[in-house]
Amino acid sequence: MKKIALLSLGAAAVLVSCGPKEFTFTGNVADEAANGKMAYLMENGNQTAIDSAVVENGTVTFTRPADASKIYSVNLRVDRMRYAATFIGEAGAITSDMKEGKITGTPLNEKLSAFNQEMNDIMTNANSKYDALYKEFNEKKIDQDKFTEEVGKLREELFTSNDNILNKYFNENTQNPVGIMALSQMAENLSLAELDSLIAIAGPAAAEFGPIKTTREFMVKLDETSVGKMFKDFSAKTLDGKDAKLSDYVGKGQYTLVDFWASWCGPCMGEVPYLKDIYKEYGKKGLTVVGVAVWDQLENTKKAVEKEGLSWNILFEETKVATDTYGIRGIPQIILFGPDGKIVARDLRGDAMKAKIKEVMSK
């Protein structure tokens, strides 16, 4: 009996050693215009292609060494259409309908596909309910207040359903890439401490997964420039091309209001009347106002300054260092710095901004 058992173990070892050492991904593209186009393979959420292949007879194929800890994505553009698929590099044959993105073929990819389907079903259900609500509103069966109330309930229901699915798949897959994919969708709604605690559970692969890594880096920048923290310096140019730094204006013993803006940004220009009122009333009382033009072209910035009659300090920063430093993903972003250079308030807008300036300048 012992000999038989040993022979069985030996046979099992042979079977394991003879298993597939690579994966073959086949993406099906039901679009004749795709033939001859190049598809690109990316790894672990990064945007740099590690391989490419031409679509032939409606399919594109990639074969690489298997690694079930890695997440791959395939991207293909055909005119204005984008075809894509995300899959796990598990050994075996992996197939995807690249229009729908559905993955089949190996256990982890089947699980990833089930996760994606559940998330899609939640969104489809929410959209269906919203369409029904809008139809009732359009047919005047419910008024504006009722419509707004029901949409609010629907939004909360959607958030709750999403959270439940994401938590379920993360908790059930903490040691494989399905959990990482769930965490990447959870990340932006977490605090830095919460994200770090879940990364610690999921391991180093989660920390290095592109979307999670990018979100965490943003959170760190935001935390480093939150209320109560000392300002972080950056270099820029004046509109006449002279070198300047934020430190030329901030931390000099007076309150400083810094507006990150762009000439093409409607909401940014909507803040101009408020900034003008603030500068007119408090500029002569010691408040420094600085506009930092970002994500823009210098000539457009100059035209906007002249057209709007902006009379406070204007800097131009074209490298994105300023917005990256302060964790800014959207503008306008208006930050108030104290006389010592510490951040007093962020996300100031409109009347709330005027009230905050009045508060600090009255002390």
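The rules behind these values
- Every chain is numbered on its own, with residues counted from 1 as its sequence reads.
- For this predicted model, a pLDDT threshold of at least 70 governs which residues receive local features, and a threshold of 80 or more governs which side-chain atom pairs are given and counted, while totals over whole chains, interfaces and linings are taken from all residues.
- By convention in this description, side-chain values take in all heavy atoms of the structure and omit both hydrogens and water.
- Runs of H or I in DSSP of at least four residues are treated as helices and runs of E of at least two as strands, each being numbered from the N terminus.
- C-alpha atoms define the radius of gyration in this analysis, and the globule rule sets the expected value at 2.2 Å times the number of residues to the power 0.38.
- We get accessible surface area from the Shrake-Rupley algorithm with a probe of 1.4 Å; when it comes to residues, only the shown protein chains can shield them.
- Patch membership requires more than 30% relative accessible area and the absence of a salt bridge. Residues of like charge join within 9 Å; the nonpolar side chains Val, Leu, Ile, Met, Phe, Trp and Tyr join within 5 Å.
- Each salt bridge in this description consists of a side-chain nitrogen of Lys or Arg and a carboxyl oxygen of Asp or Glu lying within 4 Å of one another.
- Lines fitted to the C-alpha atoms define the axes, with helices restricted to the stretch that makes contact. Angles between their N-to-C directions range from 0 to 180 degrees.
- The scheme is simple: roughly parallel for angles under 35 degrees, roughly antiparallel for over 145, roughly perpendicular for 65 to 115, oblique for anything else.
- Side-chain classes follow a simple rule in which Ala, Val, Leu, Ile, Met, Phe, Trp, Tyr, Cys and Pro form the nonpolar group, Asp, Glu, Lys and Arg form the charged group, and the remainder, Gly included, forms the polar group.
- The span you would expect from a helix comes to 1.5 Å times its residue count less one.
- For this analysis, residues touch if any pair of their heavy atoms sits within 4.5 Å.
- Any two strands between which DSSP finds at least two bridges are classified as paired.
- Handedness of a crossing is defined here by the sense of rotation of the near helix relative to the far one, left-handed for an anticlockwise turn of less than a right angle and right-handed for a clockwise turn.
- Among the buried residues, those of types Ala, Val, Leu, Ile, Met, Phe, Trp, Tyr and Cys that are joined through side-chain atoms within 4.5 Å form a nonpolar core.
- Burial classification: accessible surface area is computed with a 1.4 Å probe over protein chains only, and a residue below 20% of its type maximum counts as buried, one above 50% as exposed, and the rest as partly exposed.
- Only a pair of cysteine sulfur atoms within 2.5 Å qualifies as a disulfide here.
- In protein, a polar contact means a hydrogen-donor-capable atom and an acceptor-capable atom, both N or O and within 3.5 Å, with residues adjacent in sequence counting only if both atoms are side-chain atoms; elsewhere, any N or O pair within 3.5 Å suffices.
- A residue's pLDDT is the confidence the predictor assigns to it, expressed on a 0 to 100 scale.
- When two rings of Phe, Tyr or Trp (its six-membered ring) have centres within 6.5 Å they constitute a pair, described as stacked for plane angles under 30 degrees, edge-to-face for angles over 60, and tilted for the intermediate range.
- Charge-over-ring contacts are defined here by two conditions on Lys NZ or Arg CZ: a distance within 6 Å of the ring centre and an angle within 35 degrees of the ring normal.

Enquirer: Would you take a moment to explain the overall build of the protein for this structure?
Expert: Scanning the protein from N- to C-terminus turns up twelve helices and 15 strands. Here the C-alpha atoms of the protein give a radius of gyration of 27 Å, more than 25% beyond the 21 Å that 2.2 N^0.38 yields for 363 residues. Across its three principal directions, the C-alpha atoms of the protein cover 95 × 55 × 45 Å. Here the protein has roughly 20000 Å² of accessible surface; of this, 51% comes from carbon and sulfur atoms.

Enquirer: What is the right way to look at a nonpolar patch on the surface in this model?
Expert: Together, Met38, Tyr40 and Val54 give the surface a local cluster of nonpolar side chains, amounting to about 240 Å² of exposed area. For Tyr40, the location among the structural elements is in strand S2 (residues 38–43).

Enquirer: Any chance you could explain the packing of helix H2 (residues 107–138) against helix H3 (residues 144–172) here in plain terms?
Expert: Packed helix pairs are characterised by how far apart their axes lie and by the angle those axes make with each other. At a closest axis distance of 10 Å, the pairing of H2 and H3 adopts a crossing angle of 175°. Compared by their axis directions, H2 and H3 come out roughly antiparallel. Residues of the contact of H2 with H3, tallied by class, amount to 17 nonpolar, four polar and six charged.

Enquirer: Any chance you could explain H2 here in plain terms?
Expert: Residue pairs three or four apart in sequence face the same way in an α-helix, which turns once every 3.6 residues. Between its first and last C-alpha atoms H2 spans 46 Å; for 32 residues at 1.5 Å apiece the expected length is 46 Å, and the two agree. Buried residues belonging to H2 abut strand S5 (67–78), strand S6 (81–89), strand S7 (92–97), strand S8 (102–104), H3 and helix H4 (177–186).

Enquirer: What is the right way to read the sheet that holds strand S1 (residues 22–28) from this model?
Expert: Consider a sheet: its strands pair through backbone hydrogen bonds, and that pairing is either parallel or antiparallel. On the basis of which strands lie adjacent, the open sheet formed by four strands has the order S4-S1-S7-S8 and mixed pairing. Because the sheet does not close on itself, it has two edges, and the strands there are strand S4 (59–65) and S8. Mean inter-strand twist for the sheet, computed between neighbouring axes without regard to direction, equals 20°. H2 contacts S7 and S8 of the sheet and is inclined by roughly 155° relative to S8.

Enquirer: I tried to follow the packing of H3 against H4 on my own but got confused; where do I start?
Expert: Two elements in contact, H3 and H4, have axes separated by 8 Å at closest approach and are oriented at 145°. Here H3 runs over H4; the crossing is left-handed. For the pair H3 and H4, the contacting residues are Leu166, Asn167, Tyr169 and Phe170 in the first and Val178, Gly179, Ala182, Leu183, Gln185 and Met186 in the second. When grouped by side-chain class, the residues that make up the contact of H3 with H4 number seven nonpolar, three polar and no charged.

Enquirer: Sorry if this is basic, but what is going on with the nonpolar core here?
Expert: If you look at soluble globular proteins, the nonpolar side chains tend to sit buried side by side. Judged by nonpolar contacts, the single largest core of 48 residues is most densely connected at Leu257, Phe260, Trp261, Tyr326, Phe337 and Ile357. Sorting elements by how many residues they give to this core places strand S12 (residues 288–294) first, with five residues. Other than its neighbours up to four places away in sequence, Phe337 contacts Phe231, Leu246, Val250, Gln254, Tyr255, Thr256, Val258, Tyr326, Lys342, Ile343 and Val344. Counting 29 residues, the second largest nonpolar core, distinct from the first, contains Ala126, Leu158, Leu166 and Met219.

Enquirer: Hey, could you run me through the state of the cysteines in this one?
Expert: For the coordinates displayed, the defined rule picks out one disulfide. Between the sulfur atoms of Cys265 and its disulfide partner Cys268 the distance amounts to 2.4 Å. Every disulfide takes its handedness from the sign of the S-S torsion; for Cys265 and Cys268 that torsion is 80°, giving right-handed. For the pair formed by Cys265 and Cys268, the shared burial category is buried.

Enquirer: Which parts of the structure should I look at to understand the sheet that holds strand S14 (residues 333–337)?
Expert: Pairing is mixed in the open sheet, where seven strands are placed in the order S10-S9-S13-S12-S11-S14-S15. The outermost strands of the open sheet, each flanked by one partner alone, are strand S10 (243–245) and strand S15 (343–345). Between one strand and the next, the sheet's axes are offset by a mean angle of 40°, whatever the strand orientation. Relative to strand S13 (residues 313–317), S12 is paired through five bridges, and the arrangement is parallel. Bridging from a neighbouring strand, Ala293 pairs with Phe316 of S13.

Enquirer: What's the story with the side chain of Ser184 in this structure? I'm lost.
Expert: With respect to the helices, strands and loops of the structure, Ser184 is situated in helix H4. Polar contacts involving the side chain of Ser184 include one to the main-chain carbonyl oxygen of Met181, which spans 2.7 Å. Apart from the residues within four sequence positions on either side, Ser184 is in contact with Phe209, Pro211 and Ile212.

Enquirer: Would you mind going over the side chain of Ser96 with me for this structure?
Expert: Tracing the sequence through the fold places Ser96 in strand S7. Not counting the four nearest positions on each side in its chain, Ser96 is found in contact with Phe25, Thr26, Gly27, Asn28, Ala85, Gly101, Lys102 and Ile103.

Enquirer: Help me understand the confidence of the model for the protein in this model?
Expert: Caution is warranted with low-pLDDT regions, since their predicted coordinates should not be read in detail. Looking at the protein, the pLDDT average stands at 92 and 94% of residues meet or exceed 70. Across residues 1–18, where pLDDT falls below 50, the model places zero contacts with residues more than four positions away in sequence or in other chains.

Enquirer: Sorry if this is basic, but what is going on with the packing of aromatic side chains here?
Expert: The geometry of two aromatic rings is summed up by the distance between their centres and the angle between their planes. Within the structure shown, the criterion is met by 15 aromatic pairs. Here the aromatic rings of Tyr134 and Phe147 are separated by 6.2 Å at their centres, their planes lie at 65°, and the arrangement is edge-to-face. Separated by 13 residues along the polypeptide, Tyr134 in helix H2 and Phe147 in helix H3 bring together distant segments of the chain. Among the residues examined, Tyr134 registers a relative accessible area of 40% and is labelled partly exposed. What makes Phe147 buried here is its relative accessible area of 10%. Both rings, one in Tyr279 and one in Trp312, keep their centres 5.7 Å apart while their planes meet at 70°; by these two values the pair is edge-to-face. On the criterion of sequence distance, the pair formed by Tyr279 in helix H9 (residues 272–282) and Trp312 in the loop between helix H10 (298–308) and S13 is long-range, its members being 33 residues apart. We classify Tyr279 as partly exposed; its relative accessible area is 29%. Relative accessible area serves as the criterion here: at 7%, Trp312 is assigned to the buried category. Three or more aromatic residues joined by ring pairs make a cluster, and in this case those are Phe23, Phe25, Tyr72 and Phe87. Looking at Arg329, its charged tip hangs above the ring of Phe218, at a distance of 3.8 Å from the centre.

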